[in-house]
Amino acid sequence: MSKLLPSFSSPKTKPVSGPGNSGNRGSSSVLKRVYKNSLLNILTQAFVVAVTFFAIPHILKGLGDTAFGILSLVLIFIGYFSLVDFGLGSAVVKFVADKRSIDDRSSLNAVFTFSCIMSIVIGLIVGLLMFLFSKDLAHLIFKVSGGMSVITACLRIVAATMPFMILQSILKGALMGYERFDTSNLIQAASGILQWGGILFLVLLGVKLTWIIGYVALLRFGITMLYLLSVLKVSGLRFSIGGLHSSLMKGMLGFGGWVMVSQSISPILQYLERFVLSATIATSILPFYVIPFDATSKLLVLATAIAAALFPGLSGISEPGASRGEFKRVYLTTLKMLAYVMIPTGIVLATFAPEILKLWIGESFAVRALPCFQILILAFVVNSVAHIPYTTLHALGKPKIPGIFHLIELPIHIFVVFLSIRLWGVVGAAFATVIRMVLDATLLFWANQKELNLLEMLKGTFKSGIVVPVVAALVWAGSVAFLTRSIAAEVVVTLIGLSLYSTVVLRISLSKREREAIWGSILRRT
């Protein structure tokens, strides 16, 4: 357990693999770090998810459908505008990992200082604009009878958090670039407890929504300061522009600009359904889509944990002169591991979806939310696997590709959302989500094939690594769909299917080296 706690002593981190550090290179070395850091990320995110799942039903009950819908949209604003950092958060991860690989301390300080200054400037501008137009945003997005002054006040409180939220993404990126996931995860766990636990406590006390949003804003400021102290302590980074030059700034802004395109569009793609439902039907109907969406989105816990650890790891072996074969092996191995876990997870959740919703929210709510829940399970299984090719393109220094894809997807998704919601209401919103995520995954995998020419490496393992586990999963899913008529039957068929699927993966699909690497990483952390 002590290994999960961060050390706040002066940095002793060795340069990661990369040019000039070949002794640390090798796909097995990178994979070990990815597994270790992924495990830390997973444990933290699972903990935060548990806190969220416990708090949401009580918050919903205390606030009511309309107030809960307002709270969820306001929290989306906080999350969305915190991403408006011109992609500097991701750029910091990439450039810090690159400069660490060659132990360039001067450039590291310059990257850190430049990013912090830019984030504060951007935050002030975004916060001011949001404050000035908060009333217009309230009338544009929220469809409620009365209470617009309260919503406007909430949005203005959010506007005040912008400089701190954007700076927080830079500071977190610096920790990730140093692969200090122990520290960042400890802060993230504390943030999750304080946010959802604090909101629940205030709801139980009967505190007004405006004060609840104010508490969230104050919490975000405190977490940002904690990140700052942690970065300065564990990395040894200092505010200095001694190594700052035009090519470095141009590189960071160029990389960050395309990340910004994706970061700006992705939340629109992700949350458009909520705003259309609220504006065209009623804000009170949002919980029947929002709660299934938020619940199934927790399937991304594993994917985001692995992607966060994979980004700096791959960045350290993506420099000119690094082995592209090594890069491919890390990519394909990580992709296989994630897919092998997500497929059975999706089948199990879809099988027991009615029981999960009844136990969690209640039977009357579950009846209306079940179709969305089951449809969105498929969407997030696909989206989870797509995290790997997305992260790989960024590690290759080519965020332009997913940025262009998102520009292509946006008008298509807008059309599909309005049409689907008009035809099928809440269920239509879920269908639109599936269509978007399948399209996005298809484009990302196609781009990875173009960049890495993966078919050559897949020839030897296509049957055992892809065809066999997919067939096993389809047989299992078909058995669940056609052979189960009761809870007992579902449990029996699921256990048999899971056992057979696991046997296929462990005995046929995974190589001996991959099995040893996984178990070795788990045993070392426990």
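Quick note: structure is the one above.
Structural notes, computed from the coordinates. (Residues numbered from 1 in each chain as written. Predicted model: local features only at pLDDT ≥ 70, side-chain atom pairs only at ≥ 80, totals over all residues. Heavy atoms only, no water.)

### What to know about the overall build of the protein chain
When helices and strands are counted, the protein chain shows 21 helices and zero strands. The buried share of the protein chain, reckoned over its 526 residues, is 54%. Counting contacts in the protein chain only where the partners sit at least 6 residues apart, residues at least 24 apart contribute 85% of the total. About 22,600 Å² of surface is accessible on the protein chain, with carbon and sulfur atoms providing 70% of the total. (Helix = DSSP H or I, 4+ residues; strand = E, 2+ residues; numbered from the N terminus. Buried < 20%, exposed > 50% of the residue type's maximum accessible area, 1.4 Å probe, protein only. Contact = heavy atoms within 4.5 Å. Areas by Shrake-Rupley, 256 points an atom, 1.4 Å probe, with all protein chains shown as cover.)

### Quick notes on the layout of surface pockets
Volume-wise, the largest pocket comes out at about 1,000 Å³. Considering the residues around the largest pocket, the lining is formed by 41 residues, among which Leu335, Ala339, Ile343, Val385 and Ile466 are closest to the centre. For the lining of the largest pocket, the secondary structure elements donating two or more residues are helix 13 (324-351), helix 15 (363-395), helix 17 (426-452), helix 18 (455-458), helix 19 (462-483), helix 20 (487-509) and helix 21 (512-525). If one sorts the elements of the lining of the largest pocket by residue count, helix 13 sits on top with twelve residues. Class assignment for the residues of the lining of the largest pocket results in 28 nonpolar, nine polar and four charged. (1 Å grid on protein atoms, 1.4 Å probe; cavity = no way out; pocket = protein on both sides within 12 Å on 5 of 7 lines; lining within 4 Å. Points joined across faces, edges and corners; volume = space filled by probe spheres on them. Nonpolar A, V, L, I, M, F, W, Y, C, P; charged D, E, K, R; others polar.)

### Focus on the pattern of salt bridges
Evaluation of the coordinates by the stated rule reveals three salt bridges. Salt-bridge contacts for Asp182 lead to Arg180; the nearest nitrogen and oxygen are separated by 3.1 Å. Both residues of the pair, Asp182 and Arg180, belong to the buried class. (Salt bridge = Lys/Arg side-chain N within 4 Å of Asp/Glu carboxyl O.)

### Focus on empty space enclosed by the protein
Under the counting rule described, the total for this entry stands at two cavities of 30 Å³ or more. The computed volume of the second largest cavity comes to approximately 50 Å³. Put simply, the parts of the chain that give the lining of the second largest cavity at least two residues each are helix 16 (400-424) and helix 17. For the lining of the second largest cavity, the class distribution of residues is five nonpolar, one polar and two charged.

### What to know about the packing of helix 6 (residues 148-160) against helix 9 (residues 209-235)
Orientation of helix 6 relative to helix 9, taken along the N-to-C sense of each, is 5 degrees, at an axis distance of 9 Å. With respect to helix 9, the axis of helix 6 lies roughly parallel. When helix 6 is examined against helix 9, the residues Val150, Ala153, Cys154, Ile157 and Val158 are found in contact with a partner set consisting of Leu209, Thr210, Ile213, Gly214 and Ala217. Residues of the contact of helix 6 with helix 9, tallied by class, amount to eight nonpolar, two polar and no charged. (Axes fitted to C-alpha atoms, helices over the stretch in contact; angles between N-to-C directions. Parallel < 35°, antiparallel > 145°, perpendicular 65-115°, else oblique.)

### Let's talk about the packing of aromatic side chains
In total, this model carries eleven aromatic pairs according to the counting rule given. Seen in terms of ring centroids, Tyr289 and Phe293 are 5.6 Å apart; in terms of plane orientation they differ by 40 degrees. Their pairing is tilted. With Tyr289 and Phe293 both in helix 11 (residues 287-296) and four residues apart, the pair spans about one turn of that helix. Considered together, Tyr289 and Phe293 belong to a single accessibility category, that of buried residues. Members of the aromatic cluster, connected to one another through ring pairs, are Tyr271, Tyr289, Phe293 and Phe380. (Phe/Tyr/Trp six-rings, centres within 6.5 Å; stacked < 30°, edge-to-face > 60°.)

### Some remarks on helix 12 (residues 300-315)
Between its first and last C-alpha atoms helix 12 spans 22 Å; for 16 residues at 1.5 Å apiece the expected length is 22 Å, and the two agree. Within helix 12, 15 of the 16 residues are buried, leaving the element largely enclosed by the surrounding structure. (Expected span 1.5 Å × (residues − 1).)

### Digging into a nonpolar patch on the surface
On the surface, a nonpolar cluster with roughly 770 Å² of combined accessible area is contributed by Ile117, Val121, Ile125, Leu128, Leu129, Phe131, Leu132 and Phe133. Inspection of the secondary structure assignment puts Ile117 in helix 4 (residues 105-132). Given a relative accessible area of 48%, Ile117 falls into the partly exposed group. (Patch = residues over 30% accessible without salt bridge, like charges linked within 9 Å, V, L, I, M, F, W, Y side chains within 5 Å.)

### With respect to unusual backbone geometry
Peptide bonds are, in most cases, trans, and in most cases residues other than glycine have a negative phi. Although it is not a glycine, Glu179 sits at a positive phi angle of roughly 55 degrees. Tracing the backbone shows Glu179 in the loop between helix 7 (162-177) and helix 8 (181-204).

### Here we look at the nonpolar core
One finds Ile59, Leu71 and Met252 to be the most contacted residues of the largest nonpolar core, which totals 147 residues. Per-element accounting of this core gives the leading share, 14 residues, to helix 15. If sequence neighbours within four positions are ignored, Leu71 has contacts with Ile59, Leu63, Ile199, Leu209, Ile212 and Ile213. Counting six residues, the second largest nonpolar core, distinct from the first, contains Phe405, Ala441, Leu444 and Ala447. (Core = buried A, V, L, I, M, F, W, Y, C linked by side-chain atoms within 4.5 Å.)

### Quick notes on the side chain of His406
The residue His406 is located in helix 16 in this model. Classification of His406 as buried rests on a relative accessible area of 5%. Those residues in contact with His406 that lie beyond four places of it in its chain are Ser262, Ile265, Ser266, Leu269, Tyr390 and Asp440.

### Observations concerning the side chain of Lys94
Take Lys94: it is sitting in helix 3 (residues 88-101). Here the side chain of Lys94 touches Ala395 through a polar contact of 2.7 Å, landing on its backbone oxygen. (Polar contact = N/O pair within 3.5 Å; in protein donor to acceptor, adjacent residues only side chain to side chain.)

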